[in-house]
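In case you want the letters, here they are:
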Amino acid sequence: MKVIEKYNDSLHNPYWKFQLGPEAYEVKDTPLRVEAIKKALRADQRFQFITADPFPERLISRLHPYHDYIRKTGLSLQNDKEEFYPDLFPGEGAHLRKKVDNPLWGGIWCTDAVTPIMRKTYEVARASAETALTGAALLREGREKAVYALCRPSGHHAGPRVFGGYCYFNNVATAAEYLLPEGRVAIVDIDYHHGNGTQEFFDEIKSVFTASIHGDPDNEYPYFWGYAEEIGKGQAEGTNHNEPLPKGTQLAQYSEAVDRILDMIRGFDAAYLIISAGFDTHEADPIGGFKLRTEEYTAIGKQFRSLGIPTLICQEGGYNIDVLGACVKNFLLGFMD
Ligand SMILES: [Zn+2]
């Protein structure tokens, strides 16, 4: 299987810790995650690495209205180590002007204060989207049946209005838009956290089916999205499906949720499948709550493969770097003989 890697991952390397009550949090999206995945896949000759191609900026900017805000804020920083955190959120009723030239206006464009902008964040996030686009192009040209895009930063919390949750540009949404002229697209998000950005992108678009299996938002990030009653809007009603599952979910219950989604995709007649592949569903993940085991990801990969349609697998979360590489590899092996 082709593995698409990007060329500048280490340039976005935030270092920040904060205290919430008795608990100390730190930004867990480090470049070490990518290194762990590369190490696991490079050791196996069934994976061939290729470098992401450049794509026109407009493929990304037209989908993300905060594109210039991220770019300009990064340019305003003094050095590569500085991190800027939006910390002023206007709330409802505020007089919004949507300027992009003042970093302090970030609360208009961002959901939280844990997604820092660094000097190179724009470049790195753009390359992450280009990694997904490179995979989409391989499928669109009919050159591959299944490809893996090693994206970082993740994208699934970045939406058509705002970014956040360690995400800047939505990689799978960008890839889906690229594939749509060729046929209907199904996106399934298997990260532990609901793919709220992806859902919002296609909430009213009936040619894209979106689904997500995730920790119940009653007690997990992103809290305000991901409930079962969110089924798509207007003409797109019925084209979104959420599977919020309880803490402690194990493989049997998880696989049933996957099967329900696969049945819906078969009815939807998708030409392409995109998987937002997060591995914070692992039992040892520091911020997840499910109980999936390293070897079980192969079976989940096989389930998706049974659809038999061209598939782009994009990396999202997964924060235990001791097991992340093996989880990714096992999932991808499920797509191979
Ligand atoms: Zn996650």
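Residues numbered from 1 in each chain as written. Predicted model: local features only at pLDDT ≥ 70, side-chain atom pairs only at ≥ 80, totals over all residues. Heavy atoms only, no water.

Could you give an account of unusual backbone geometry, naming the residues involved and the relevant values?
Cis peptide bonds are those with omega within 30 degrees of zero, and the linkage from R152 to P153 qualifies with 5°. Omega for the bond connecting Y221 with P222 falls within 30 degrees of zero, at 5°, which places this linkage in the cis form. By the secondary structure assignment, P222 is in the loop between β7 (208-215) and β8 (240-245). Its identity is not glycine, yet D269 carries a phi of approximately 60°, on the positive side. The topology assignment puts D269 in the loop between α7 (251-268) and β9 (272-277). (Helix = DSSP H or I, 4+ residues; strand = E, 2+ residues; numbered from the N terminus.)

Tell me about the nonpolar core, and name the residues and values.
Within the largest apolar cluster, 46 residues are counted, with the highest numbers of intra-cluster contacts made by Y148, F304 and F331. Broken down by secondary-structure element, the contributors of at least two residues to this core are α1 (31-42), β5 (146-149), β6 (185-189), β7, α7, β9, α8 (297-305) and α9 (324-333). Discounting residues that sit within four places of it in the chain, F331 has contacts with I190, I275, A277, F279, Y297, T298, I300, G301, F304 and I313. Residues A52, L133, L138 and C151 belong to the second largest nonpolar core, which totals 30 residues. (Core = buried A, V, L, I, M, F, W, Y, C linked by side-chain atoms within 4.5 Å. Buried < 20%, exposed > 50% of the residue type's maximum accessible area, 1.4 Å probe, protein only. Contact = heavy atoms within 4.5 Å.)

Give me the lowdown on the side chain of H282, citing residues and values where you can.
Residue position: H282 is located in the loop between β9 and α8. A polar contact is formed between the side chain of H282 and the backbone nitrogen of A284, at a distance of 2.8 Å. In this structure the side chain of H282 is engaged in a polar contact, spanning 2.8 Å, whose partner is the side chain of T294. In contact with H282, other than residues within four places in its own chain, are F290, L292, R293, T294, Y297, V323 and C327. (Polar contact = N/O pair within 3.5 Å; in protein donor to acceptor, adjacent residues only side chain to side chain.)

For the packing of aromatic side chains, give the residues involved together with the corresponding values.
Under the definition given, this model contains 16 aromatic pairs. Arranged with centres 6.4 Å apart and planes meeting at 70°, the rings of F304 and F331 form a pair that is edge-to-face. Of this pair, F304 sits in helix α8 while F331 sits in helix α9; the two residues are 27 residues apart in sequence, bridging distant segments of the chain. One aromatic cluster is present, built from ring pairs that chain together F279, Y297, F304, F331 and F335. Over the face of the ring belonging to F49 we find R42, whose NZ or CZ atom lies 4.3 Å from the ring centre. (Phe/Tyr/Trp six-rings, centres within 6.5 Å; stacked < 30°, edge-to-face > 60°. Lys NZ or Arg CZ within 6 Å of the ring centre and 35° of its normal.)

Requested: an account of the coordination of the zinc ion, with residues and values cited.
The protein atoms that coordinate the zinc ion are D191 (OD), H193 (ND1) and D280 (OD), at distances spanning 1.9 to 2.1 Å. Sequence positions of the residues that donate to the zinc ion give the spacing D-x1-H-x86-D. Of the two residues, D191 sits in the loop between β6 and α6 (196-202) while D280 sits in the loop between β9 and α8, which places them 89 residues apart along the sequence. (Donors = N, O, S within 2.8 Å, 3.2 Å for Na, K, Ca; no water.)

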